[in-house]
Amino acid sequence: QVQLVESGGGLVQPGGSLRLSCAASGSRFSINAMGWYRQAPGKQRELVAAVLSGGLTKYADSVKGRFTISRDNAKNTVSLQMNSLKPEDTAVYYCNAHVVVLFTPHDYWGQGTQVTVSS
């Protein structure tokens, strides 16, 4: 069982910035990828950004150029720097850790942190 502890989140004005952080612990195996998902009311959870252990990153089109994901593989931490925030970024953000063990994928999730962008 992998535990993910998130920090950050809160209320910010449009155009503002916020940084989310997540620390993974308890994994007996290497974490293949970590990322951030978000879910707005009435919407499906969507990938915001992810980074593989090798450093490859992926971003949702809606956040490209505004968000930056970073990962420290040794510490099993991942952060999401969010700049130029928009009201449509309002959602619950979840940290994700993806682990593959003997070809079996496992996904672990943080409890979620609320991000609200409003004036």
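Residues numbered from 1 in each chain as written. Predicted model: local features only at pLDDT ≥ 70, side-chain atom pairs only at ≥ 80, totals over all residues. Heavy atoms only, no water.

Because side chains alternate across strand E1 (residues 3-7), one face comprises the buried residues Leu4 and Glu6, and the other comprises Gln3, Val5 and Ser7, none of which is buried. Of the pairings in the sheet, the one linking E1 to strand E3 (residues 18-25) comprises five bridges and is antiparallel in character. Bridge pairing in E3 links valine 5 to alanine 23. (Buried < 20%, exposed > 50% of the residue type's maximum accessible area, 1.4 Å probe, protein only. Helix = DSSP H or I, 4+ residues; strand = E, 2+ residues; numbered from the N terminus. Pairing = 2+ DSSP bridges.)

Moving on, we come to the nonpolar core. The biggest cluster of nonpolar side chains holds 30 residues, and the ones touching the most others in it are Leu4, Trp36, Leu80, Met82 and Tyr93. Of all the elements in the fold, those that place two or more residues in this core are E3, strand E4 (33-39), strand E5 (46-52), strand E7 (67-72), strand E8 (77-82), strand E9 (91-101) and strand E11 (113-117). Element by element, the count of residues in this core is highest for E9, at six residues. Not counting residues within four places of it along the chain, the set of residues in contact with methionine 82 comprises Gly16, Ser17, Leu18, Leu20, Arg66, Phe67, Tyr93 and Val115. (Core = buried A, V, L, I, M, F, W, Y, C linked by side-chain atoms within 4.5 Å. Contact = heavy atoms within 4.5 Å.)

The subject of this paragraph is the state of the cysteines. In the structure shown here, the tally under the stated rule is one disulfide. There is a disulfide in this structure between cysteine 22 and cysteine 95, and the S-S distance comes to 2.1 Å. One quick way to see it: the torsion about the S-S bond of cysteine 22 and cysteine 95 is about -85 degrees, and its sign makes the bridge left-handed. Of this pair, cysteine 22 sits in strand E3 while cysteine 95 is found in strand E9, placing the two residues 73 residues apart along the sequence. Among the residues examined, cysteine 22 registers a relative accessible area of 3% and is labelled buried. (Disulfide = S-S within 2.5 Å.)

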